[in-house]
Amino acid sequence: MSDLPITPPANATLATRPRHRLTGPTADTTYAVLRQPEPWLVRLMVLLNVLATFWYFSWLLHPERVGNPFLYGLLLLAEFFNVAQALGFWWTMLSDRPRKTPVPAAHYASVDVFVPRYNEPVDIVEPVIAASVELRGADVTVYLLDDGGSPEFAALARKYGAEYIARDEHDGAKAGNINNALAMTDSDYVLVLDCDHVPHPEFLRRTLGYFADEKLAFVQTPQYYANADRNPVAAAAWAQQALFFGCIARGKSRIGAMFCCGTNVVFRRTALDDVGGFPTHSITEDFELSVIMQERGWHTEYVSEVLVQGLGPEDMASYTSQQLRWARGCLSAVGRVLRAKLPIKIKSQYALSSLHFLTGWTVMIYMSLPVIKLLTGEQPVAASTANTFLVHFAPYFMLSIAIVGIAGGGVYKFSAYALSAASFWIHIAATISVVTRRKGRFVVTPKGGAGQWQPATVWPGLVVCGLLLVVGVRGVLLSQDAATLNNVAFAGLHLVVLGTGMSWALRPRALEERSKAELPTGESRWQSTSGRPGEDQSDPLKELVPAP
Amino acid sequence: MSAVDTARTGSGGPGSGGPGSGGAGAGAPATLLTRVRRAGSKQLLTMSGQLVAGVGNMIISALFARVLLPGEYAVLVSFVSAYVLMHMVGSSVTAAVAIDPGLHKRLFRRGLALGLGIGAVLAALSGVLSPLLNLPVPVIILLGAAGPSAVLLALARGRLYGTQSVGGTVATLITEPIGRAVIGLLLGSVIGPVGAAVGVVAAGYAALAAASIAARRRPEPLPRLAEDTGRHARRARTGDSLYVTVTFLLVACLASANAIFSNRQLGPGEAGVFAAVATIGSAAYFATGTIPMMLSGSRDSGRSSLLVAVGVAGAVSLAGVGVVALLPARAYAMVLGEHYASVGDYVVAYVAAMAALGIGRVLIAQLCKTGLARAAAVLSALSVAVQVGVLIPAHSASAVVAATAAGCGMLLVGSAAVLLREARLQRAMVVVDPEASRTAVRPSAAPAPAAPPVVQRVPLGSKIKALWPLWLAMGIGIGLRVIVTRSIWVDEAISIQQAQLPYPDMINTLKNDDVHPPLFHTILWALVHLTGSTAEYIVRLPSLLAGTACIPISFAMAKDLWNRRTAVVAGFVVAVAPVAVWYSQEARMYGLWMLGATILAWCQIRILRDIKEGKGYGSLADWAGFTVVTAAMIYVQWFTALPIITQHLIFLIAVLKVRKWRFVRNWLLSAVVQLILFAPLVPYMLDQFGNIIAAQGASTAPSQTGSDTATTGKPDVYAAVANTIWSVWGYHADSTMVQLGAFWPVAVLMCFAALGRVRDRTNLILATIAVAPPAMLFLVGFERRQFFELRYFDSTVPMLLLVLARMAATWGRGPLTKLLLPVVTIASLGAGLIDQQINQSNPRVYDFRGAVGWVKANSQPQDVVLYAPNFLRTELEYYPSGLTTLDANSAHPSRAQTGMPAIPKQGRRVFVFGSFLEEPQVAGQVGGVLSDLDRASNTKRLAVHSVANVKVWEYQQLPPSKSDTSKADTDHTKQTKGGK
């Protein structure tokens, strides 16, 4: 089956261009990577999924099904968690609707662009500064917030006419760095960009208009990885992001529960001032900041347009580090979310997002069941034939996969799922560290980019793979009856999924070869205002609806 | 610009108005009608000369029989045969000279030297050859003397054809019988066969003289083009001439190879019958002999001369077929004698084959004329290879006829296909004129007009080489399909039996006792009646051809829809796919159905692609293909309704999305035409369905047995899994199916792997066409379980295989997985195929042939076969044991029908032939018979022979005095599983 091109070909004719109703300077790119809502299809699929879920659980919950009570309990736990997540996912998808074209900003506002930097090199940061000073539609001042204290970055800032802010004390990490800058600046709005995220010149024109809502605290935009088309790890990571920044973020935004993702976001300064800046006690300060702002009655908004191109994790070490940080941060915020004084629908959405990082536990349960069966003969479900199981399970499973496929819009692929499944141990480690209120014990290999063998970053997965392999082979050698073969097939299934997810940690040469293509830098990363080479010379302002 | 280019494009080069060009260059261009008239009159006049010569030679031959004694006449006939053979070889040069008359001058000396050489060799070896050939030495010397005339006459006649000298051609043709009559009859009556032979040789030289005189009156032939006179051009022409010569030599082999093989492989009686058939057929072939030569010599580069040549050859050939078809069978017996009464059984088919060869020869001549001599040679060689390939195992006159028909048919179809393709290419091609190109690059103030698109012609050889994966896949596919490891099964035997009935009876039988539409049975009927054979390879031929055609169709479809890589994988996948192989070997309609369904899907996807890409609303060819094949498939299988409904629903969805009137119009028009084409079948359908309902759904054929999980009870997920495995990996033993079914988590993995990959429209359409019909039958299965069975939706298998090929070709990302995925996929299919074909535990393999063979090996003429269930009757008629066969139900051993009690002769045997024993009713029936035989006092069980799904019990009658001890037989039973 053909791959969906992330960027449509430059010479695409009208006949071959994807048909969509999106507007804006990056409409084609946005459509290619985030797609559009398909409300009727989603409604139909959700209805079918709900029916299939009832069908499956009405069979599974029958008392006769209890095999080994302990295993049955574990299975139920995993299934209930997944169903809860699925229900939340379907609810969010049902809220996903096409949005109206934004209005232009009511007045020529002043915007401070914050580019916090810690230890990133010049060649990464420079394109961001260069692009930021070119932002249109507002009185823009760019600040390079250097927590590394390197003189060459002061020179870099001067080169582009940007301001340079450095701290003597580096407390509060990124949040502290931004809070420090907030205290030193006074514009109407603040745009926060990670130092590897290059903004489109039209970014502000596409976002500031939303602040016509005086209670709007921030406008979040997608966190697109420009290196997704050349680095497999970044591609898989982006595919996971695409699922979130596509239908999920659009749905959350409509529900009013979109949260800040830390970069590519424009804040109203008064909102930041109202909550006292970024919280510095959390490693996911953006998530917690969103909760606080919503508690204080501020609204949030999400613009589903690719307006910034960043760089995704380039190897398994980076990915693991990122996921571990996100998992620990979100899981540690669960208590805060549950205690928050928010409308139930918003609180539920926040809870769903933070609890997502428990998914790894369910993966571990599913993987352990065939192993236990092959080793001990014990299984969770009894009084069932393969046929009756399939009759009830197959529709539930296939429809679940189908709706994920639809939500992913062709971008979320097996590699993304496999990478997610292979991260199961990260969720477990994060949970343990949060519960024990300690930092995780897993030592992550420092980020070295493609080309390094990194088995240490995936060692728990390797152990599980070894176990699955040994138990599977043993099972086949001992018996070839249908039940054994079925569990061996399940073990093989998990083995393939985990192996695919972890493979890039063990295939440094292949990863390096795939990543050899030179990364786009600066303005060239966009190459044109459309985000596509040589296209769209029209005035983007014409696409905006005049303010009422 | 080459001669070939000019000839093809008809651009009127310097040579286009040369001698014999029909005057087109003399004044205003002739109209098509005028050109047709001119070409037609030339063809008819020349053919008349040929017919006169042929009839004259036959009359003179008859007169020789009167003049000479029988022994002398035999000597003369042998001489004339060798003489004709020499001239036939020589005449292959005629075609080359006709195309390039200049060859006559260039080859004259060499031809003369060759002829003299042949003559000298024959004269020198006459003493040795005389006893070997049983001919007198003077006759052999005379044969040598005819050597120069054979070569020179071929060249001279070629020049006459090439210069379009009708009068000269007719003169040289009719000179030969006249010479034979005057000199041969005179000398023959005086000095016997040697004198007659002198007359024949002299007549040949007279014909040569006539040709030479006629040629002198014609202007010297010009080369085709003024610039085409260089050394390289001459070399190229010589190369082409060689191919033309070889081509016509191979065509001659095609016409005569059957006679050689029939003499060697058939019994004397059958060989004699075939000789008579071949003689009649060769007359039809001979009648059209001048047509390709005149066509080759024609300078008309348009279609008129070809149309005339094909028209004349077709008319003559059809007239020949009509005459022999209308003659009653008794007429042959009356003319040729009672020994030749069976000539009528074969002659229509043989003359039809010769008619095909006659028309094919015209097309081959056109290919040579248009510069495709190499392709013509390859095609001719392939046709001969096919003919010889079928001839080698042929041991009956019908098989020899079939071989001839296969070779001739291939030549006709192949040459027509190449010509059509060439014509299409010509329409799209603009020949680059070097002069124009030079002019175009000169600086000019005025902007140059837009140049027409230039299509560079890729040499045919390069194209053939580039397609080597397809040839390899087809080679593998044909090889796998030809190796049949199972015997004719009950349904096939019933179809074969029906096909042997007169056509109206067969249709009535189908309406009353069957459940299928009539197209496949009609094809089978035609084949059986044309060949007069029901041999396994004959009745399997339609499926074999259809199944084999699926390989290039799938290749072309995948290349058209996706890319070459997918096409290559698809070619190999379809070549080794077990179910594709299985139904390519079954003498039923399923192979044909798969082919039709593939074409249907391709047409539809092409139409929708055109609309999506803004290239109109589907080409006429695609709509026509979709419409006609849809209708044809309904005539093949009623269940075609399911894919048709699916595909029309897809069109409906597309119509609702696109909302373009022209699309709607095309679709509705197609649907209406489909209904019109279907209308004639409605009365048949109503009759058949009425009968089925009246019989409460009972079928004459047994349901296909297989895995119990898939044929009993209600359809379930496991049945769906089983059918999916069958669709891709073929039929297997029940135990294997249980183990394979346990691997259903692989489907879970496939679902994960499909994430984000199935949004492509082509994939979605193919997947829908593949899944919807079985899904519908799954639901139908709750009411009629037997309908949820692969063979009722096997038309979806090619689509499933294409999707599989696409997955295997594209899901790999790294170099290793890109290689491994297709290899593993094809290897797994190969493994499935081996198990399906070889494993005798496969519940769908019935070795009736083996079981009957065992019975024949262990029986004597007075023995009896009792069979159960009753529908095995057709099997035992197809595989006759030579014994009395009785239905076990109607001929119980304890009753008199077996004759056992009535015949006291010791040693008489009873064979109980049982199959479908997993069905309780049948098992009970067979068990009852066995029990009776075991309890009978005068029978003893000797052996039990088991082959795949067939079991034979052997009993022997004992002398009455030993009846008391017969019940202790079971201890002595010997098991001979696997056959002796």
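Residues numbered from 1 in each chain as written. Chains lettered and ligands numbered in written order. Predicted model: local features only at pLDDT ≥ 70, side-chain atom pairs only at ≥ 80, totals over all residues.

This next bit is on the overall build of chain A. Assigned secondary structure in chain A consists of 21 helices and 10 strands. Residue burial in chain A is summarised as follows: out of 548 residues, 48% are buried. Here the contacts in chain A between residues at least 6 apart in sequence split such that 83% fall between residues at least 24 apart. (Helix = DSSP H or I, 4+ residues; strand = E, 2+ residues; numbered from the N terminus. Buried ≥ 20, exposed ≤ 12 C-beta atoms within 10 Å, placed from the backbone. Contact = placed C-beta atoms within 7 Å.)

Take the overall build of chain B next. From N to C terminus, chain B includes 41 helices and 6 strands. For chain B, the residues scored as buried account for 49% of the 980 residues in total. Partitioning the contacts of chain B with sequence separation of at least 6, the portion at a separation of at least 24 is 77%.

All right, on to the pairing of strand E6 (residues 216-220) of chain A then. All names here are of chain A. For E6, the tally of buried residues reaches 4 of 5 residues, placing the bulk of the element in the interior. Summarising the sheet, E6 and strand E9 (residues 299-302) pair through 4 bridges and their orientation is parallel. Residue pairing in the sheet places Leu216 in a bridge with His299 of E9. Pairing of E6 with strand E8 (residues 265-268), which is carried by 3 bridges, proceeds in the antiparallel orientation. Among the inter-strand pairings, Phe218 is bridged to a residue of E8, identified as Phe267. (Pairing = 2+ DSSP bridges.)

Here the focus is the interface of chain B and chain A. How big an interface is tends to be reported as the loss of accessible area on association of its parts. At the junction of the two partners, chain B supplies 28 residues and chain A supplies 32 residues. In terms of residue count, helix H35 (residues 745-753) of chain B provides more of the side of chain B that touches chain A than any other element does, 7 residues in total. Taken together, the residues that form the side of chain B that touches chain A break down as 16 nonpolar, 6 polar and 6 charged. (Nonpolar A, V, L, I, M, F, W, Y, C, P; charged D, E, K, R; others polar.)

Moving on, we get to helix H15 (residues 386-408) of chain A. An ideal rise of 1.5 Å per residue puts 33 Å on 23 residues; H15 of chain A measures up with 31 Å between its terminal C-alpha atoms. If you look at H15 of chain A, its biggest bend is around 35°, right at Phe393 of chain A, and the proline Pro395 of chain A turns up within four residues after that. On its buried side, H15 of chain A packs onto helix H2 (39-60), helix H3 (69-94) and helix H8 (232-255) of chain A together with helix H33 (717-729) of chain B. Positioned one or two residues after H15 of chain A, Gly409 of chain A has a phi angle of 55°, which is positive. (Expected span 1.5 Å × (residues − 1). Bend = angle between axes of the 7 residues up to and from the residue.)

A word on the UniProt feature "transmembrane region" (unreviewed entry) in chain A. Residue and element names in this part refer to chain A. Sequence positions flagged by UniProt for "transmembrane region" (unreviewed entry) are, in local numbering, residues 40-58, 70-91, 350-369, 389-408, 414-435, 456-476 and 488-506. Spanning residues 70-91, this segment combines 100% helix with 0% strand, and its end C-alpha atoms are found 32 Å apart. Each end of residues 389-408 is marked by a C-alpha atom, and these two atoms are 28 Å apart; helix forms 100% of the span and strand 0%. (UniProt positions renumbered as here; feature names shortened; annotations may be inferred.)

All names here are of chain B. Between helix H24 (residues 541-561) and helix H37 (residues 797-810), the shortest axis-to-axis distance is 11 Å and the interhelical angle comes to 50°. Between H24 and H37, the angle is such that the two are oblique. With respect to the hand of their crossing, H24 and H37 are arranged in right-handed fashion. Contacts between H24 and H37 involve Cys550, Ser554, Met557 and Ala558 from the former and Pro798, Leu802 and Ala805 from the latter. (Axes fitted to C-alpha atoms, helices over the stretch in contact; angles between N-to-C directions. Parallel < 35°, antiparallel > 145°, perpendicular 65-115°, else oblique. Left-handed = near helix turned anticlockwise from the far one by under 90°.)

All names here are of chain B. Here helix H25 (residues 564-576) crosses helix H38 (residues 815-838) at 10°, and the two axes come no closer than 9 Å. In this view, H25 runs roughly parallel relative to H38, as classed from their interaxial angle. Here Val569, Phe572, Val573 and Val576 of H25 lie close against H38, whose contacting residues are Pro822, Thr825, Ile826, Leu829, Gly830 and Leu833. Residue composition of the contact of H25 with H38, grouped by class: 8 nonpolar, 2 polar and no charged.

Counting residues in hydrophobic clusters, the biggest one holds 418 residues, and the most contacted among them are Val115 of chain A together with Val351 and Val573 of chain B. At 20 residues, helix H14 (residues 343-369) of chain B tops the list of elements feeding residues into this core. (Core = buried A, V, L, I, M, F, W, Y, C linked by C-beta atoms within 7 Å.)

As a further point, take the sheet that holds strand E10 (residues 308-310) of chain A. Residues and elements named next belong to chain A. The sheet built from 3 strands is open, its strands ordered E5-E10-E7 with mixed pairing. Both outer strands of the open sheet, strand E5 (198-199) and strand E7 (224-225), are each paired with one neighbouring strand and no more. One ladder, built from 2 bridges, connects E7 with E10; its direction is parallel. Within E10, the position partnered with Tyr224 by the bridge is Gln309.

Another aspect to go through is the environment of Pro138 of chain B. In this structure, Pro138 of chain B sits in helix H6 (residues 137-162). Residues Pro138 of chain B and Val194 of chain B, spaced 56 residues apart in sequence, show a C-alpha to C-alpha distance of 6.8 Å.

Okay, helix H7 (residues 166-191) of chain B next. Taking 1.5 Å per residue, 26 residues should reach 38 Å; H7 of chain B reaches 37 Å between its end C-alpha atoms and fits that length. The largest bend in H7 of chain B comes to about 35°, at Gly184 of chain B.

The omega torsion across Ala868 of chain B and Pro869 of chain B is 0°, close enough to zero to call that bond cis. You can see Pro869 of chain B is positioned in the loop between strand E1 (864-868) and helix H40 (872-878). Its identity as a non-glycine residue notwithstanding, Asn264 of chain A has a phi of 60°, on the positive side. Along the polypeptide, Asn264 of chain A turns up in the loop between H8 and E8. Residues other than glycine seldom take positive phi values, yet Asn949 of chain B does so here, at roughly 60°. As for its position among the elements, Asn949 of chain B is in the loop between strand E4 (939-947) and strand E5 (950-957). Under the C-beta neighbour-count criterion, Asn949 of chain B is labelled buried, with 23 such atoms within 10 Å.

Attention now moves to the pairing of E1 of chain B. All names here are of chain B. Counting buried positions along E1 yields 5 of 5 residues, so the element is predominantly enclosed. Here E1 shows no split at all, with Val864, Leu866 and Ala868 on one side and Val865 and Tyr867 on the other all buried. Taken together, the 4 bridges between E1 and strand E2 (residues 884-887) define a ladder with parallel strand orientation. Pairing of Tyr867 across the sheet is with Asp887, part of E2. Chirality of the crossover, the property in question, places the unit of E1, H40 and E2 among those that are right-handed. Across 5 bridges, the pairing between E1 and strand E3 (residues 909-915) is parallel. By the bridge assignment, Val865 is partnered in E3 with Phe911. (Right-handed = clockwise from strand over helix to strand, strands pointing away.)

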